[in-house]
Amino acid sequence: SLIIIKGAKDVPVPEILPKRAVMWVKPTVLPRSVASYPIGMKPILPEFLVDSTELNAVKSRLASYEHMQLPWMEEYLLAMGEGENRLHRKQWEFAVIAQALDRHGKLATGKTGLGFAVGLEPLATYFAKRGARVTVSDMPMQQGNQGDWAHTAQHSDNIDKVWRAGVMPLEEFRARANFRAIDMNNIPSDLMQGQYDFVWSCGSLEHVGRAQKSLEFIINSLRCLKPGGVAAHTTEFLLNDKVTHEDTYLNFFTEREIRDWVAVIESMGHTVLPLEFAAGTIVNVDALAEHRMDDHIQLMDTHGTRRLIHTSISLIIIKGAKDVPVPEILPKRAVMGERPSGSLAISPSAIVRPRHGTSTGSPPILPEFLVDPTELNDVKSRLASYEHMQLPWMEEYLLAMGDGQNRLHRKQWEFAVIAQALDRHGKLA
């Protein structure tokens, strides 16, 4: 409901809706209008359509074309044997992890690192070339979806497979690196003794399970670090929806999950480098890659009826002074109908608790709306709610206007709040 009191005089109509900040994009890569998107597909959410700031700063951030084209990106890629910059987000992940560790002085003789699910990525060889000693790992061959990774040449099971030819001699790499098979959901206790200067994972934590499992992995990876050590992780970030895509093997996380993780991690005394949710220039949807091997910064995936546009995000974390007990991993969110005893009685059958997967393509209630209405008897512009609907005056108005008893129907709510607003302002006389 919108309740408005007329001002002293009529004035010229201003611009109807204020202009919102829109990223600068080249006309050839402007996103299409909402109306022209395929069925089941949403456009990029407007909060991500902004340009990156402080591109050379080490931050936790989204991948973007602007960031990818900085000169130091290709310098790192060439040094690690990855070749020229192809504007591919996997290369972006390699370079931002290397930059974060390098800027914090972790890639040097005497430093030690631990990599998770490294597969055939070039980082371990590059870190060893810089002088660090590294423990590299991948999931045990008999476990989970390792067959899929092996089939796509992304899985490793020994130190020689991890080595990137042309970066450093194999014998030197063997001297500075060792391999262990590690389940990211069950990191061996001997590795979580705070002995490493840095840890990393590159596009892996989205495969360990749902959002809570991913956060548990991040927290456990921090237990492997010395105080002041650096964790550099990259994962999937969903650009066109507020509803996380979750399954047991592949997840696309939203800003909500990322901010939840950061809140928990920082409550434990660690520092997450500033988050920047700036996607920069977005490619026309028609041009989006649909296969991870194609060069891309953003990617489109189809899952059932949902077409998801996603990219990568980096999380750079500085280990705090000590390990503390893990708090409740993900904060409980206010859920409609969960209230102390003695409050307004609402039949449990009348409450629909929002949850993921309520129906195909149907998102849950946005968390910012999962709050109880306040000052229920006041005249306000407000949303309809069960709590408001059950006030005694609601039925009084409904009976007086011949609409019968209160059926907890929002159209009755509209009738009653309009009548109440006009009545309270003395207009029904």
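Residues numbered from 1 in each chain as written. Predicted model: local features only at pLDDT ≥ 70, side-chain atom pairs only at ≥ 80, totals over all residues. Heavy atoms only, no water.

S.K.: Account for the overall build of the protein, naming residues and giving values.
M.R.: Looking only at helices and strands, one finds twelve helices and ten strands in the protein. Residue burial in the protein is summarised as follows: out of 429 residues, 45% are buried. For the protein, restricting intrachain contacts to residue pairs at least 6 apart in sequence, the fraction spanning at least 24 positions comes to 68%. Of the roughly 21500 Å² of accessible surface on the protein, a fraction of 55% belongs to carbon and sulfur atoms. (Helix = DSSP H or I, 4+ residues; strand = E, 2+ residues; numbered from the N terminus. Buried < 20%, exposed > 50% of the residue type's maximum accessible area, 1.4 Å probe, protein only. Contact = heavy atoms within 4.5 Å. Areas by Shrake-Rupley, 256 points an atom, 1.4 Å probe, with all protein chains shown as cover.)

S.K.: Account for the pairing of strand β10 (residues 306-318), naming residues and giving values.
M.R.: β10 sits mainly inside the fold: twelve of its 13 residues count as buried. Relative to β10, strand β6 (residues 225-238) runs antiparallel, the two being bridged by nine bridges. Within the sheet, the bridge partner assigned to alanine 231 lies in β10 and is isoleucine 317. The pairing of strand β7 (residues 271-272) with β10 spans two bridges and is antiparallel. Directly across from valine 272, in β10, lies its bridge partner isoleucine 317. (Pairing = 2+ DSSP bridges.)

S.K.: Let's hear about unusual backbone geometry: which residues, and what values?
M.R.: Although it is not a glycine, glutamate 54 adopts a positive phi angle of roughly 50°. For leucine 87, which is not a glycine, the phi torsion comes out positive at approximately 55°. Note that leucine 87 resides in the loop between α2 (71-79) and α3 (89-103).

S.K.: Any details on the packing of aromatic side chains? Residues and values, ideally.
M.R.: One pass over the structure, following the stated rule, counts twelve aromatic pairs. With 5.0 Å between their ring centres and 90° between their planes, phenylalanine 116 and phenylalanine 217 make a pair best called edge-to-face. In this pair, phenylalanine 116 is assigned in strand β2 (residues 112-116) and phenylalanine 217 in helix α8 (residues 211-222), connecting sequence segments 101 residues apart. Here phenylalanine 116 and phenylalanine 217 have matching classes, each one buried. (Phe/Tyr/Trp six-rings, centres within 6.5 Å; stacked < 30°, edge-to-face > 60°.)

S.K.: A description of the confidence of the model for the protein should follow, citing residues and the corresponding values.
M.R.: Here the protein shows a mean pLDDT of 81. Residues at 70 or above account for 77%. Across residues 17-36, where pLDDT falls below 50, the model places 24 contacts with residues more than four positions away in sequence or in other chains. For the stretch residues 331-362, pLDDT sits under 50, and the model shows 37 contacts to residues farther than four places along the chain or on other chains. (pLDDT = per-residue confidence, 0-100.)

S.K.: How would you explain the nonpolar core if you had to name every residue and give the values?
M.R.: Grouped together as the largest cluster of nonpolar side chains are 42 residues, with contacts concentrated most on Phe127 and Trp200. Top contributing element to this core by residue count: α3, with eight residues. Membership of the second largest hydrophobic core comes to 41 residues, among which are Phe48, Phe116, Leu205 and Leu222. (Core = buried A, V, L, I, M, F, W, Y, C linked by side-chain atoms within 4.5 Å.)

S.K.: Let's hear about the pattern of salt bridges: which residues, and what values?
M.R.: If you walk through the whole model with that rule in mind, you get 19 salt bridges. When the shortest N-O distance is used, the salt bridge between arginine 164 and glutamate 82 registers 3.3 Å. Of this pair, arginine 164 sits in the loop between α6 (159-162) and α7 (170-176) while glutamate 82 is found in the loop between α2 and α3, placing the two residues 82 residues apart along the sequence. Looking at glutamate 82, the relative accessible area reads 15%, which means it is buried. Close ionic contact of arginine 174 with glutamate 171 constitutes a salt bridge, the shortest N to O distance being 2.5 Å. (Salt bridge = Lys/Arg side-chain N within 4 Å of Asp/Glu carboxyl O.)

S.K.: Give me the side chain of histidine 88: which residues, what numbers.
M.R.: In this fold, histidine 88 is placed in the loop between α2 and α3. When its relative accessible area of 6% is taken as the criterion, histidine 88 is described as buried. For histidine 88, the side chain forms a polar contact with the main-chain nitrogen of lysine 90, separated by 3.0 Å. (Polar contact = N/O pair within 3.5 Å; in protein donor to acceptor, adjacent residues only side chain to side chain.)

S.K.: Could you give an account of a nonpolar patch on the surface, naming the residues involved and the relevant values?
M.R.: A contiguous nonpolar patch, built from Ile365, Phe369 and Leu383 and spanning about 310 Å² of accessible area, is present on the exposed surface. Position of isoleucine 365 among the secondary structure elements: in the loop between β10 and α10 (386-389). (Patch = residues over 30% accessible without salt bridge, like charges linked within 9 Å, V, L, I, M, F, W, Y side chains within 5 Å.)

S.K.: Which residues make up helix α12 (residues 410-424), and what are the values?
M.R.: In an α-helix, one turn spans 3.6 residues; hence positions three or four apart end up facing the same way. For α12, with 15 residues, the first-to-last C-alpha span of 21 Å sits near the 21 Å given by 1.5 Å per residue. Burial in α12 covers these residues: Gln412, Trp413, Ala416, Val417, Ala419, Gln420 and Ala421. Considering only its buried residues, α12 is in contact with α10 and α11 (392-400). Just downstream of α12, glycine 426 is the residue with a positive phi angle, here 70°. (Expected span 1.5 Å × (residues − 1).)

S.K.: Mind laying out the side chain of serine 201, listing which residues take part and the relevant values?
M.R.: Position of serine 201 relative to the elements: it lies in strand β5 (residues 196-202). Discounting residues that sit within four places of it in the chain, serine 201 has contacts with Ile97, Phe116, Phe217, Ala232, His233 and Thr234.

S.K.: Hey, could you go over the packing of α8 against helix α9 (residues 255-267) for me, with residue numbers and the actual values?
M.R.: With their axes 11 Å apart at the nearest point, α8 and α9 run at an angle of 35° to one another. Viewed along their axes, α8 and α9 form a crossing whose handedness is right-handed. Between α8, through Ala211, Ser214, Leu215, Ile218, Ile219 and Leu222, and α9, the contact on the second element is made entirely by Glu257, Trp261, Val264 and Ile265. Looking at the contact of α8 with α9 residue by residue, the classes come out as eight nonpolar, one polar and one charged. (Axes fitted to C-alpha atoms, helices over the stretch in contact; angles between N-to-C directions. Left-handed = near helix turned anticlockwise from the far one by under 90°. Nonpolar A, V, L, I, M, F, W, Y, C, P; charged D, E, K, R; others polar.)

S.K.: Could you give an account of the pairing of β6, naming the residues involved and the relevant values?
M.R.: With eleven of its 14 residues buried, β6 lies for the most part within the structure. Sheet analysis places β5 next to β6, joined by six bridges and oriented parallel. Bridging from a neighbouring strand, valine 199 pairs with alanine 231 of β6. Regarding the hand of the β-α-β motif, the stretch spanning β5, α8 and β6 is right-handed. (Right-handed = clockwise from strand over helix to strand, strands pointing away.)

S.K.: I'd like a rundown of the environment of histidine 303, residues and numbers included.
M.R.: Relative to the helices and strands, histidine 303 is located in strand β9 (residues 299-303). Using a relative accessible area of 25% as the deciding quantity, one classes histidine 303 as partly exposed. Residues histidine 303 and histidine 245 lie 58 residues apart in sequence; the distance between their C-alpha atoms is 8.7 Å. Sequence-distant contacts of histidine 303, defined by excluding residues within four places in its chain, comprise His245, Leu250, Phe252 and Leu308.

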